[in-house]
Amino acid sequence: MKSEGRVELTVRLAKTIYLIAGIYGLIVLVPQFFMEEKTGRDFPPAITHPEYYYGFIGVAVAWQVLFLILSKDPVRYRAMMIPSILEKLSFAIAVLILFFQHRISSIILAAGMVDLIFGVLFILAYFKTSTRS
């Protein structure tokens, strides 16, 4: 009985982590589909390859949908947690390196740190949803 309650709690934690990540990501990313010109002004130079800009946002939005799917049944979709961890950490690590090279602003660093936090939470969710006792 006690073990079942712990499993229920960890599954609920994983569901919550992925639900928050997916909703947060959609709130942050979807408006960027309409902000190409502003992004170019705020973070010069202007965007010269819009296919990269929209491609990045499109792929990132697709990942948010995956996070929402994971939030429905994290145990069933547990294997997809591995690429979700890589998705979060790849951006966070790149941002850290670029920041220390003085190539990005602190605003972008903050966005990368949000991904780092979610990446760590995704790792926690992965290990907490293990079916092994």
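Everything in this summary refers to the structure shown in the same document.

Rules used in this analysis
Residues numbered from 1 in each chain as written. Predicted model: local features only at pLDDT ≥ 70, side-chain atom pairs only at ≥ 80, totals over all residues. Heavy atoms only, no water. Helix = DSSP H or I, 4+ residues; strand = E, 2+ residues; numbered from the N terminus. Buried < 20%, exposed > 50% of the residue type's maximum accessible area, 1.4 Å probe, protein only. Contact = heavy atoms within 4.5 Å. Areas by Shrake-Rupley, 256 points an atom, 1.4 Å probe, with all protein chains shown as cover. Lys, Arg positive; Asp, Glu negative; His and termini not counted. Charge placed at Lys NZ, Arg CZ, Asp CG, Glu CD. Expected span 1.5 Å × (residues − 1). Core = buried A, V, L, I, M, F, W, Y, C linked by side-chain atoms within 4.5 Å. Phe/Tyr/Trp six-rings, centres within 6.5 Å; stacked < 30°, edge-to-face > 60°. Lys NZ or Arg CZ within 6 Å of the ring centre and 35° of its normal.

1. Quick look at the overall build of the protein chain
Then step 1. Along the protein chain, the regular secondary structure elements total five helices and zero strands.
Then step 2. The order of helices and strands in the protein chain, counted from the N terminus, is α-α-α-α-α.
Then step 3. Seen along its three principal axes, the alpha-carbon backbone of the protein chain occupies a region of about 60 × 30 × 20 Å.
Then step 4. Relative to its full complement of 133 residues, the protein chain shows a buried share of 29%.
Then step 5. Restricting to contacts in the protein chain with at least 6 residues of sequence separation, those with at least 24 account for 67%.
Then step 6. When the accessible surface of the protein chain is split by element, carbon and sulfur atoms take 70% of a total near 8800 Å².
Then step 7. A distance of 12 Å separates the average location of the 13 positive side-chain charges in the protein chain from that of its 9 negative side-chain charges.

2. A few points about helix α5 (residues 106–128)
The periodicity of an α-helix, 3.6 residues per turn, causes residues three or four places apart in sequence to face the same way.
Then step 1. Taking 1.5 Å per residue, 23 residues should reach 33 Å; α5 reaches 33 Å between its end C-alpha atoms and fits that length.
Then step 2. Turning to α5, its buried residues number three or more, namely L109, G112, D115, F118, G119, F122, A125 and Y126.

3. Structural notes on the nonpolar core
Then step 1. With 14 residues, the main nonpolar core has Y18, M81, F122 and A125 as its most contacted residues.
Then step 2. Mapped by element, the contributors of at least two residues to this core are α1 (2–29), α3 (50–72), α4 (81–100) and α5.
Then step 3. With residues near it in sequence (within four places) discarded, Y18 still touches F67, L68, L70, S71, M81, S84, F122 and A125.
Then step 4. Y53, I57, A60 and V61 belong to the second largest nonpolar core, which has five residues in total.

4. So, the environment of L121
Then step 1. Mapped onto the elements of the fold, L121 is located in helix α5.
Then step 2. Owing to a relative accessible area of 29%, L121 belongs among the partly exposed residues under this scheme.
Then step 3. Residues L121 and I85, 36 residues apart in the sequence, show an inter-C-alpha distance of 8.8 Å.

5. Here's the deal with unusual backbone geometry
Residues apart from glycine generally show negative phi values, whereas peptide bonds are mostly found in trans.
Then step 1. Between P44 and the following residue, P45, the backbone shows a cis peptide bond with an omega angle of 5°.
Then step 2. Residue position: P45 is located in the loop between α2 (36–42) and α3.
Then step 3. Despite not being glycine, H102 has its phi angle at roughly 60°, a positive value.

6. Notes on the packing of aromatic side chains
Then step 1. A complete count under the given rule lists nine aromatic pairs for this structure.
Then step 2. With a centroid separation of 5.9 Å and 40° between ring planes, the pair formed by Y24 and F118 is classed as tilted. Placement of the pair is Y24 in helix α1 and F118 in helix α5, with a sequence separation of 94 residues.
Then step 3. Ring geometry for F67 against F122: centres 5.0 Å apart, planes inclined by 70°, an arrangement best described as edge-to-face. Of the two residues, F67 sits in helix α3 while F122 sits in helix α5, which places them 55 residues apart along the sequence.
Then step 4. Within the aromatic cluster, the residues linked to one another by ring pairs are Y18, Y24, W63, F67, F118 and F122.
Then step 5. The ring of Y126 carries R78 above its face, with NZ or CZ at 3.8 Å from the centroid.

Honestly, that's just the spatial picture; any functional story needs more than this.
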